[in-house]
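# Observations on the model geometry
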Amino acid sequence: MSTLKSLLVHVDASPQSAVRLQIAEQLALAHGAQATAVYAVTSALLRYPMAMAAGADIAPMLAEVDAQRLEAARRLYAASVKPERVGWLECTGRPIVDVAAQALYADLLVLGQRAADETRDVDVPADFVSAVLIDSGRPALVVPHITKTPVRLGRVLIAWKPTREAARAVTAALPILQQAERVTVAAFDEGEPPAADTGILGYLRQHGVQAEFKREVASELGDVGDQLLSLAADEQSDLLVMGCYGHGRAREWVLGGASRTVIASMTIPVLMSH
């Protein structure tokens, strides 16, 4: 029986939200789960605090901008999913705080990668994904901004290392792994040999997941994150599962190299956990 029963998908006014909604609905149907869309953006009043100095007439204008964005998100939601399958919740003003708080009651989050070009969404902070991951402690399926339609998650690549972050990501992914067509475990210079009956392969086998093991050598010249993305392409993977690493305290938390690279350059969904 799947343990994936509660999904929380972040929604803003961007077109990418439609894909996230559809992926959340798809997962909910596959696992008998309930999904909830949470609209959470930075209000215009907070995005442009200096505009208030221009005069009292600015506040109503900024409030109207917020109202227009909310209405656009509502229309996108109504056109993308069935309300009986995906609920609707509105939070405005502080997207990181709001989503992290709601995430405490979800088995899995569905978040969106922020685009790096002029199409990027400005409704949420640049560090939205990493901040929600660290603040909530919940796993998240991060969807690339280039994804236009829902994708099947039949071929899964697990980036394994014996750490709590990787272990949490694998545990969160188990319901998806159990339905996958093919699972590959890749370890860079560490991990159990392919024939091991214990360790990660044994753990997966105990949960009904048969996986292939690949030992990779970390390049001294490049980033492991780049190698992971290259391997995922070679394996024609639909999903990458990995721990999210970083250091620091509170909002000064800084992503590790591989995590930063994957979040910035992913072309397939990535299930991450801190």
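Everything numeric in this text was worked out from a predicted model, so none of it was measured. (Residues numbered from 1 in each chain as written. Predicted model: local features only at pLDDT ≥ 70, side-chain atom pairs only at ≥ 80, totals over all residues. Heavy atoms only, no water.)

Right, let's talk about the packing of aromatic side chains for a bit. The full count for this structure, using the stated rule, is 2 aromatic pairs. The interplanar angle of 25° and the centroid separation of 6.2 Å between the aromatic rings of tyrosine 39 and tryptophan 88 together place this pair among those described as stacked. Residue tyrosine 39 is found in strand E2 (residues 34-41), and its partner tryptophan 88 is found in strand E3 (residues 86-92); the two are separated by 49 residues along the sequence. When the ring of tyrosine 77 is compared with that of tryptophan 88, the centres are 4.8 Å apart and the planes differ by 40°; the resulting orientation is tilted. On the criterion of sequence distance, the pair formed by tyrosine 77 in helix H3 (residues 58-80) and tryptophan 88 in strand E3 is long-range, its members being 11 residues apart. According to the relative accessible area criterion, tyrosine 77 is buried, its value standing at 11%. When its relative accessible area of 25% is taken as the criterion, tryptophan 88 is described as partly exposed. An aromatic cluster of three or more residues is present, and its members are Tyr39, Tyr77 and Trp88. (Phe/Tyr/Trp six-rings, centres within 6.5 Å; stacked < 30°, edge-to-face > 60°. Helix = DSSP H or I, 4+ residues; strand = E, 2+ residues; numbered from the N terminus. Buried < 20%, exposed > 50% of the residue type's maximum accessible area, 1.4 Å probe, protein only.)

All right, on to the packing of helix H8 (residues 224-234) against helix H9 (residues 257-265) then. It is at 7 Å that the axes of H8 and H9 come closest, and there the two elements cross at 45°. One finds that H8 runs oblique with respect to H9. Across the interface between the two elements, Val224, Gly225, Asp226 and Leu229 of H8 pack against Ala258, Thr261, Val262 and Ser265 of H9. Of the residues assigned to the contact of H8 with H9, the class counts are 4 nonpolar, 3 polar and 1 charged. (Axes fitted to C-alpha atoms, helices over the stretch in contact; angles between N-to-C directions. Parallel < 35°, antiparallel > 145°, perpendicular 65-115°, else oblique. Contact = heavy atoms within 4.5 Å. Nonpolar A, V, L, I, M, F, W, Y, C, P; charged D, E, K, R; others polar.)

Looking now at the nonpolar core. One finds Leu21, Ile158, Leu177, Leu204 and Leu271 to be the most contacted residues of the largest nonpolar core, which totals 51 residues. Of all the elements, helix H6 (residues 164-177) adds the most residues to this core, at 8 residues. Ignoring any residue separated from it by four or fewer positions in sequence, one finds leucine 21 in contact with Val9, Val11, Ala37, Leu76, Tyr77, Ser80, Val81 and Val86. The next biggest cluster of nonpolar side chains, apart from the first, holds 35 residues, and it includes Val132, Val142, Cys244 and Val270. (Core = buried A, V, L, I, M, F, W, Y, C linked by side-chain atoms within 4.5 Å.)

Below, the discussion takes up the pattern of salt bridges. Following the criterion strictly, the structure yields 12 salt bridges and no others. Between glutamate 90 and arginine 74 there is a salt bridge whose closest N-O contact spans 2.8 Å. With glutamate 90 in strand E3 and arginine 74 in helix H3, this pair connects stretches of sequence that are 16 residues apart. Given a relative accessible area of 35%, arginine 74 falls into the partly exposed group. Counted as one network, the salt bridges with shared partners bring together Glu71, Arg74, Arg75 and Glu90. (Salt bridge = Lys/Arg side-chain N within 4 Å of Asp/Glu carboxyl O.)

Let us look at the sheet that holds strand E12 (residues 270-273). The strand order E3-E2-E1-E4-E5-E12-E9-E6-E7-E8 describes an open sheet built from 10 strands, whose pairing is mixed. Single-partner strands in this sheet number two, and they are E3 and strand E8 (212-216). Taking each pair of neighbouring strands and ignoring which way they run, the sheet shows an average axis angle of 25°. Against the sheet, helix H1 (residues 16-31) touches strand E1 (6-11), E2, E3, strand E4 (108-112) and strand E5 (140-143), its axis set at about 175° to E1. Each of strand E6 (155-160), strand E7 (182-188), strand E9 (239-243) and E12 is contacted by H6, which is oriented at about 150° to E9, the strand it contacts most. (Pairing = 2+ DSSP bridges.)

As for its position among the elements, glutamate 235 is in the loop between H8 and E9. In this structure, glutamate 235 is in contact with Arg182, Thr184 and Lys214, ignoring residues within four places of it in sequence.

Every buried residue belonging to H8 is among Gly225, Gln227, Leu228, Leu229, Leu231 and Ala232, and all of these are buried. Packed against the buried residues of H8 are E6, E7, E8, E9 and H9. Directly after H8, the chain includes glutamine 236, whose backbone phi takes a positive value near 55°.

Another point: unusual backbone geometry. The backbone phi angle of glutamine 236 is positive, close to 55°, even though this residue is not glycine. Checked against the element boundaries, glutamine 236 lands in the loop between H8 and E9. Judged by its relative accessible area of 52%, glutamine 236 is exposed.

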